[in-house]
Amino acid sequence: MTPGTGSPGAVVDVSNVCWSEHLPPLGRHFPLLRRLFLVLDAWREQYGAGAPLGLVADDSLLRSLLPEDSRRLRQLQREAGAKGAREVRFVPHADPEFLRLARERGWYVVSADQFVDLRRSEPWIEQQPERFLSWSTDVGSKAGHARVRLRPSGIQAVPAHKVSQAIEYKELKHVQRLDPKNREHVRILRSHWRCTARGCDKAMRWPDRLLDWPSVSRSGRAVCDCGALLEELGPRGVTRMFVVSDAMAADLPGGLSAGEFMRFPVSLGDAVQLGRGTLSHGINLGADELRPPLGVKRVSRTHLTVSLEDSSGNPQVYAVDLGSGNGTVLLRGGSTVERRLEPGERVAFGEKDRLVLGGTVTLRISGQRHFTGEQASLPELGGSGGGSTLLS
Ligand SMILES: [Zn+2]
């Protein structure tokens, strides 16, 4: 296409790009700004340097990014205003905003998101799927040389009836009840999983991999909530398990939490957002299936990010409040002194500490060690012994 002669523009879903595991560094669930520049380069190469661009990001992205990336993104916004070449907007909830811009201007949307929850309010998504561009990365022969290409994101109509539930929920064991002596169960805990079933909510929300735990069939296989068998993606590496519970419920002896309604894993190098509603980079604590406490409504749509990062050779958990409406409070181990996190403040977080979101939901790191010896060093998981699991 020729620049400057009415080339179509594009609106870029900046959060979605920065979080994409299909852009280098591949497979890492952590928001990185350099992914945006790779996508912008690909856009200019394929659609011309003159094709206009609008960048729209959630406010929460600025707080999820590492500080240097956040500064650079703000700088990009200032430069865009000065040069007028492209616009950069930050809004509380980006999806409806850039879909509206793209609809009004007849532009492309650059996002790997499937926008399942917005299909009704924006019916053109299914009518014009060619206007939705995602990306792929060709790693190539030269080491370190990755080539990013834009391509149709493959929007498909959402079937009126969802995939039938092949396996009843009640037959499934949830991860809390997994048997650490069972070889298949241990493998489930130590792997990444993906659902590829058409029409599955989770497959559309998390096309790269599940961010929560799979369920387990009676025969010990990893199963999605939609009933489909999951595809195994490979080992998780160093992983910490997080426990979410009702802050109003009392603690039980032995480090257990009453009112627990959710467990999820985070692996080294990854970050996961916690919030309420459909979150493509995170976990919906308000999902009906979890039976969350009523107070979960005080949790913001994008409330908190937790990440597991390398700190001088040791895995360290960090938490960042994303500017939540009702705030996040940190309780250091054993202490009753509460400290409210500043929006965007990164705090190191340990096994004895607790975070309380919106005054109603408690987050802690599980003491359970399904990942002892940091499994990379384990040659092969035996039926017993080698892959030992300590419950403490
Ligand atoms: Zn599924």
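Small disclaimer: the values here were computed from a predicted structure and weren't measured.

Moving on, we come to the pairing of strand β12 (residues 260-267). Burial of β12 is extensive: seven of the eight residues sit out of reach of the surface. Two elements, strand β11 (residues 239-246) and β12, share seven bridges in a ladder whose sense is antiparallel. Counted as the bridge partner of threonine 239 is serine 267 from β12.

Now for the coordination of the zinc ion. Taken together, the protein donors to the zinc ion comprise Cys195 (SG), Cys200 (SG), Cys224 (SG) and Cys226 (SG), at separations of 2.2 to 2.4 Å. Around the zinc ion sit four donor atoms, and with donor-metal-donor angles ranging over 107 to 114° the site reads as tetrahedral. Between the donor residues of the zinc ion, the gaps in sequence give the motif C-x4-C-x23-C-x1-C. Taken as a pair, cysteine 200 in the loop between β7 (191-194) and α8 (201-205) and cysteine 224 in the loop between β9 (222-223) and β10 (231-235) lie far apart in primary sequence, 24 residues in all. Like cysteine 224, cysteine 200 is buried.

Here we come to the sheet that holds strand β16 (residues 314-321). A sheet is described by the order of its strands in space; here five strands give the open sequence β14-β13-β15-β16-β19, paired in mixed fashion. The sheet is open, and its two borders are formed by β14 (282-284) and β19 (346-349), each paired with just one other strand. Ignoring strand direction, the axes of neighbouring strands in this sheet form an average angle of 25°. In this sheet, β14 lies alongside strand β13 (residues 271-275) in parallel orientation, the contact comprising three bridges. Paired with leucine 274 across the bridge in β14 is isoleucine 283.

Turning next to the nonpolar core. Membership of the largest hydrophobic core comes to 41 residues, with the highest contact counts inside it found for Phe242, Phe264, Ile283, Leu285, Leu355, Leu357 and Leu363. Looking at this core, the elements that each hand over two or more residues are β11, β12, β13, β15 (302-311), β16, β19, β20 (354-357) and β21 (361-365). At four residues, the largest contribution of residues to this core is made by β12. Split by domain, the residues of this core number at least three in each of domain 2 (159-236) and domain 3 (237-370). Residues in contact with leucine 363, not counting those within four places in the same chain, are Phe242, Val243, Val244, Phe264, Leu274, Leu304, Val306, Phe349, Asp353, Arg354, Leu355 and Leu357. Membership of the second largest hydrophobic core comes to 35 residues, among which are Phe30, Tyr47, Ala51 and Leu55.

Take the packing of aromatic side chains next. Using the criterion set out here, one finds seven aromatic pairs in the structure. Seen in terms of ring centroids, phenylalanine 98 and phenylalanine 115 are 5.7 Å apart; in terms of plane orientation they differ by 70°. Their pairing is edge-to-face. With phenylalanine 98 in helix α5 (residues 94-105) and phenylalanine 115 in the loop between β4 (108-110) and α6 (124-127), this pair connects stretches of sequence that are 17 residues apart. Here phenylalanine 98 matches phenylalanine 115 in class, with each residue buried. One aromatic cluster is present, built from ring pairs that chain together Phe98, Phe115, Trp124 and Phe132. Sitting over the face of the ring of tryptophan 107, arginine 105 holds its NZ or CZ atom 4.7 Å from the ring centroid. The ring of tryptophan 206 has arginine 205 sitting right over it, with the charged end atom 4.9 Å from the ring centre.

Let's shift gears to the pattern of salt bridges. One side chain can pair with another of opposite charge once the charged atoms of both are near each other. One pass over the full model with this rule turns up 20 salt bridges. Salt-bridge contacts for arginine 100 lead to glutamate 97; the nearest nitrogen and oxygen are separated by 3.3 Å. Here the residue arginine 100 and the residue glutamate 97 both occupy positions in helix α5, the gap between them amounting to three residues, near one helical turn.

A few words on the side chain of arginine 119. Within the secondary structure layout, arginine 119 lies in the loop between β4 and α6. Only 2.9 Å separates the side chain of arginine 119 from the backbone oxygen of glutamine 114, close enough to count as a polar contact.

With that out of the way, let us pick up the sheet that holds β12. Here we have six strands laid out as an open sheet, ordered β12-β11-β21-β20-β17-β18, and antiparallel in their pairing. Edge positions in the sheet fall to β12 and β18 (338-340), since each has one partner strand and no second. Direction aside, the axes of adjacent strands within the sheet are offset by 25° on average. For β20 and β21, the ladder comprises three bridges, and the chain directions are antiparallel. Looking at β21, one finds that leucine 357 is bridged to valine 361.

What counts and what doesn't
- Residues numbered from 1 in each chain as written.
- Predicted model: local features only at pLDDT ≥ 70, side-chain atom pairs only at ≥ 80, totals over all residues.
- Heavy atoms only, no water.
- Buried < 20%, exposed > 50% of the residue type's maximum accessible area, 1.4 Å probe, protein only.
- Helix = DSSP H or I, 4+ residues; strand = E, 2+ residues; numbered from the N terminus.
- Pairing = 2+ DSSP bridges.
- Donors = N, O, S within 2.8 Å, 3.2 Å for Na, K, Ca; no water.
- Tetrahedral: all angles 85-135°; square planar, octahedral: opposite > 155°, others 65-115°.
- Axes fitted to C-alpha atoms, helices over the stretch in contact; angles between N-to-C directions.
- Core = buried A, V, L, I, M, F, W, Y, C linked by side-chain atoms within 4.5 Å.
- Domains from an automatic or database assignment.
- Contact = heavy atoms within 4.5 Å.
- Phe/Tyr/Trp six-rings, centres within 6.5 Å; stacked < 30°, edge-to-face > 60°.
- Lys NZ or Arg CZ within 6 Å of the ring centre and 35° of its normal.
- Salt bridge = Lys/Arg side-chain N within 4 Å of Asp/Glu carboxyl O.
- Polar contact = N/O pair within 3.5 Å; in protein donor to acceptor, adjacent residues only side chain to side chain.

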